[in-house]
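So the chains spell out like this:
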Amino acid sequence: MSNSFKGYSFLMISLMLCLAARSQLTTDFYSKTCPSLLSIVRKQVQSAIKTEMRMAASLLRLHFHDCFVNGCDASVLLDGDNSTEKFSLANINSARGFEVVDAIKSAVESACSGVVSCADILAIAARDSVLLSGGPTWRVLLGRRDGLVSNATLANAALPSPFESLDAIIKKFDNVGLNITDVVSLSGGHTIGFAKCSTFDNRLFNFSETGAPDSTMETTMLSDLQSFCPVNGDRNRITAFDRNSTDLFDNHYFQNLLNGKGLLGSDQILYSSDLATSTTKTLVQSYSTNSMLFFSDFANSMIKMGNISPLTGSNGQIRKNCRAVNS
């Protein structure tokens, strides 16, 4: 056998192994073991959003906060002491929708007990939340298993913060295999949902110790928010990310950025920071005028994010209760 043929064979086998690793998640993973899974989850998400529209954004965020910490393994759902992810800075008094996940899991267990992971439930619920809010759909890859540990320290290090610089945020995405397109498209998830005063009031009065507000914020919005979130006011008050299209998943978020109406610092820097000029600004401009491009990139980025370090095969477990590791 010639060396070149051996080399070629080795390359092909390596490629096939890579593809096998990539393709351990499949869209039809439960087609035989839980054929009604997708309709059960859809019905539960529909019911939850009908009760409270905001829940769509909350479920989307749970999947995001899960995948960025130790991969998409439902570790964000585990109850425990303050060393667990629920107590991390990004999640404490902020992550929500756990009761909805419990309700979905219960309905799924009634139909097919011990088969479907909590991690997969989060991935499907995130897709359904986007679709039911008017956004794109995509075929969710399935076959994840549930993790055994939840780590607040890791969550604090891995999850992007609204106060970080653009290069720090890009680095956190890069750490989990996501690129600049993913940074911008996934930030567009802020087209739905709400944020607390505490996540943006640093921009309103004394931004970065300047003694003045953030100059990139549009003036009418600034004065509205100064009234809504006064100094020494209730920092837990919430306001919509996208004030003119609060519950609709659309590209209005990006139009806001062009007009200085991004709510979080981490939103507005995608357009207004110095680094944005060479990284994210062009995409923001493209999405602001082309919602189909945004929808397509968002769906692709969600599939990529859902593929971050899943536990498959015999790794992890299928939790009976999403809040606790099986005893």
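Residues numbered from 1 in each chain as written. Predicted model: local features only at pLDDT ≥ 70, side-chain atom pairs only at ≥ 80, totals over all residues. Heavy atoms only, no water.

Moving on: the pattern of salt bridges. Any two side chains of opposite charge can pair if their charged atoms end up close together. One pass over the full model with this rule turns up 13 salt bridges. Among the ionic pairs, Arg-323 bridges to Asp-79, the shortest N-O distance being 3.3 Å. Of this pair, Arg-323 sits in the segment after α13 (291-305) while Asp-79 is found in the loop between α3 (55-67) and α4 (98-111), placing the two residues 244 residues apart along the sequence. Residues Lys-172 and Glu-164 are paired through a salt bridge, measuring 2.8 Å at the closest nitrogen-oxygen approach. Through salt bridges with shared partners, one network takes in Asp-79, Lys-86, Asp-102 and Arg-323. (Salt bridge = Lys/Arg side-chain N within 4 Å of Asp/Glu carboxyl O. Helix = DSSP H or I, 4+ residues; strand = E, 2+ residues; numbered from the N terminus.)

Moving on, we come to the packing of helix α8 (residues 180-187) against helix α12 (residues 281-289). Contact geometry of α8 with α12 gives a least axis separation of 10 Å together with a crossing angle of 45°. By the angle between their axes, α8 is oblique relative to α12. Crossing hand, α8 versus α12: right-handed. Listed contacts from α12 to Ile-180, Thr-181, Val-184 and Ser-185 of α8 are Leu-283, Val-284 and Tyr-287. When grouped by side-chain class, the residues that make up the contact of α8 with α12 number 5 nonpolar, 2 polar and no charged. (Axes fitted to C-alpha atoms, helices over the stretch in contact; angles between N-to-C directions. Parallel < 35°, antiparallel > 145°, perpendicular 65-115°, else oblique. Left-handed = near helix turned anticlockwise from the far one by under 90°. Contact = heavy atoms within 4.5 Å. Nonpolar A, V, L, I, M, F, W, Y, C, P; charged D, E, K, R; others polar.)

With that out of the way, let us pick up α13. Its 15 residues give α13 an end-to-end C-alpha distance of 20 Å, which sits within 8% of 21 Å, the value for a rise of 1.5 Å per residue. Considered for burial, the residues of α13 that qualify are Phe-294, Phe-295, Asp-297, Phe-298, Ala-299, Ser-301, Met-302 and Met-305. Residues of α13 that are buried in the fold lie against α3, α5 (118-132), α8, α10 (252-258) and α12. Backbone nitrogen of Met-292 and a side-chain oxygen of the N-cap are separated by 3.3 Å at the start of α13; the cap is Asn-290. (Expected span 1.5 Å × (residues − 1). Buried < 20%, exposed > 50% of the residue type's maximum accessible area, 1.4 Å probe, protein only. Polar contact = N/O pair within 3.5 Å; in protein donor to acceptor, adjacent residues only side chain to side chain.)

Considering only enclosed or pocket space, the largest pocket measures out at about 1,100 Å³ in volume. For the largest pocket, the lining is made up of 43 residues, of which Arg-61, His-65, Ala-90, Pro-162 and His-190 are closest to its centre. Listing elements by their share of the lining of the largest pocket, those giving two or more residues are α3, α6 (152-158), α7 (166-175), α8, β1 (194-196), α11 (265-272) and α13. Per-element tally for the lining of the largest pocket: the top contributor is α3, with 6 residues. Partitioned by chemical class, the residues of the lining of the largest pocket number 24 nonpolar, 14 polar and 5 charged. The calculated volume of the second largest pocket comes to roughly 260 Å³. If you go around the second largest pocket, you meet 18 residues; those closest to its centre are Phe-207, Asp-214, Thr-216, Gly-265 and Ile-269. (1 Å grid on protein atoms, 1.4 Å probe; cavity = no way out; pocket = protein on both sides within 12 Å on 5 of 7 lines; lining within 4 Å. Points joined across faces, edges and corners; volume = space filled by probe spheres on them.)

Attention shifts here to the nonpolar core. Residues Leu-37, Leu-62, Leu-77, Phe-298 and Met-305 are the most contacted members of the largest nonpolar core, which totals 74 residues. At 9 residues, the largest contribution of residues to this core is made by α5. Apart from the residues lying within four places of it in its own chain, the contact partners of Met-305 are His-63, Phe-64, Cys-67, Phe-68, Cys-72, Leu-178 and Leu-186. (Core = buried A, V, L, I, M, F, W, Y, C linked by side-chain atoms within 4.5 Å.)

Now for the packing of aromatic side chains. On inspection of all chains with the given rule, the structure shows 14 aromatic pairs. Considering the side-chain rings of Phe-254 and Phe-294, the 4.9 Å spacing of their centres and the 75° angle between planes classify their relative orientation as edge-to-face. Of this pair, Phe-254 sits in helix α10 while Phe-294 is found in helix α13, placing the two residues 40 residues apart along the sequence. Grouped by ring-pair contacts, the aromatic residues Trp-138, Phe-249, Tyr-253, Phe-254, Tyr-287, Phe-294, Phe-295 and Phe-298 constitute a single cluster. Here the guanidinium or amino end of Lys-86 rests over the ring plane of Phe-98, the centre of that ring lying 4.1 Å away. (Phe/Tyr/Trp six-rings, centres within 6.5 Å; stacked < 30°, edge-to-face > 60°. Lys NZ or Arg CZ within 6 Å of the ring centre and 35° of its normal.)

Per the counting criterion, the structure on display carries 4 disulfides. The disulfide partner of Cys-34 is Cys-112, and the gap between their sulfur atoms is 1.8 Å. With Cys-34 in the loop between α1 (3-22) and α2 (37-51) and Cys-112 in the loop between α4 and α5, this pair connects stretches of sequence that are 78 residues apart. Neither Cys-34 nor Cys-112 differs from the other in exposure class; each is buried. Through a disulfide, Cys-67 is tied to Cys-72; the S-S separation comes to 2.1 Å. Disulfide Cys-67-Cys-72: torsion about the S-S bond near 120°, hence right-handed. Across this residue pair, the class does not change: Cys-67 and Cys-72 are buried. (Disulfide = S-S within 2.5 Å.)

Honestly, it's all geometry; don't read function into it.
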